[in-house]
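What follows is the residue order along each chain.
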Amino acid sequence: MRKLDCVLIVEDDPVSSFIAENAISGLGIAETVITSSNGRKALEYIMHECSLEGDTYLCPDLIVLDINMPHMGGIAFLEKFRKMPTNKKPVIVIHHTVEPTEEQEKKLKELDIKDFIMKPMTGAKLQAVFDKYFGKIVEM
C-alpha cells in the first residue's frame, strides 16, 4: 500500500482535530500526521519543513484546513501560503461545520481549494478525497 509522507491538520477545535487525526490514522494512508491549532502555527511549520532546500518528507502532501480559527483563519492562511515558495504543492481541503458563505467560497476557489469535508471527519469522507486526488491508496 502506498502512503502519503505527511498530512497536516490545521484545526483549532481539539475534538475535531482528534477525530480527523484518528480517521487518517485508521485508514493508514499517511506515515506522519501533524496537527496545528491555527493558521499562523501551520505556516511556521510549513516554512520550516517545506523550504526549497530541505527534505520533502515532513512537508505535507495533504492539508486539512478549518476556515474559522483564532490568530489566523483558513483564508488568511491560504493567502500567505500561496505566496510561499515550497518544495511540494499539497492538496488542500476545507474541513468545516457549515457551508462557506458565497464570499468565502469565491475566495476559496481563487485560492485553489480542492474539496470540502463536512465535520465530523469519517474514514469514508477521507477515503473519497484520497481516491479523487491521490488515486486508490487503500481499500476500505
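The structure this text deals with has already been given above.
Below, the structure is looked at part by part. All values derive from a computational prediction rather than experimental measurement.

Going through the model one piece at a time under the given rule, you end up with one disulfide. One disulfide in the model links C50 with C59; its S-S distance is 2.1 Å. An S-S torsion of about 110 degrees defines the bridge between C50 and C59 as right-handed. Not part of a disulfide, C6 finds its nearest cysteine sulfur in C59, a span of 7.7 Å.

Mapping Q127 onto the fold places it in helix α5 (residues 123-134). Using a relative accessible area of 5% as the deciding quantity, one classes Q127 as buried. Measuring from C-alpha to C-alpha, the distance between Q127 and L27 comes to 7.8 Å, with 100 residues separating the pair along the chain.

Turning our attention to unusual backbone geometry. For the bond from K119 to P120, the omega torsion is 0 degrees, close enough to zero to count as cis. With respect to the helices, strands and loops of the structure, P120 is situated in the loop between β5 (115-118) and α5. With a phi close to 70 degrees, H71 is a non-glycine residue in the positive phi region. As for its position among the elements, H71 is in the loop between β3 (62-65) and α3 (74-81). Of note, D112 is a non-glycine position whose phi angle comes to about 65 degrees, a positive value. Looking at the element boundaries, D112 is found in the loop between α4 (102-110) and β5.

This part is about the pairing of strand β4 (residues 91-96). Side-chain positions along a regular strand alternate between the two faces of the sheet. In terms of burial, β4 is largely enclosed, as six of its six residues are buried. The alternating pattern of β4 places V91, V93 and H95 and I92, I94 and H96 on opposite faces, both of which are buried. Sheet topology note: the β3/β4 ladder contains four bridges and is parallel. The residue of β4 that forms the bridge with I63 is I92. Where β4 and β5 come together, four bridges link them in parallel fashion. Paired with H96 across the strands is M118, a residue of β5. Following the chain from β4 across α4 to the adjacent parallel β5, one finds a crossover that is right-handed.

Time to look at a nonpolar patch on the surface. A surface patch of nonpolar side chains, about 280 Å² in accessible area, is lined by V15, F18 and I19. Considering the arrangement of structural elements, one finds V15 in helix α1 (residues 14-27).

Cut-offs and rules
- Residues numbered from 1 in each chain as written.
- Predicted model: local features only at pLDDT ≥ 70, side-chain atom pairs only at ≥ 80, totals over all residues.
- Heavy atoms only, no water.
- Disulfide = S-S within 2.5 Å.
- Helix = DSSP H or I, 4+ residues; strand = E, 2+ residues; numbered from the N terminus.
- Buried < 20%, exposed > 50% of the residue type's maximum accessible area, 1.4 Å probe, protein only.
- Pairing = 2+ DSSP bridges.
- Right-handed = clockwise from strand over helix to strand, strands pointing away.
- Patch = residues over 30% accessible without salt bridge, like charges linked within 9 Å, V, L, I, M, F, W, Y side chains within 5 Å.
- Areas by Shrake-Rupley, 256 points an atom, 1.4 Å probe, with all protein chains shown as cover.
- Salt bridge = Lys/Arg side-chain N within 4 Å of Asp/Glu carboxyl O.

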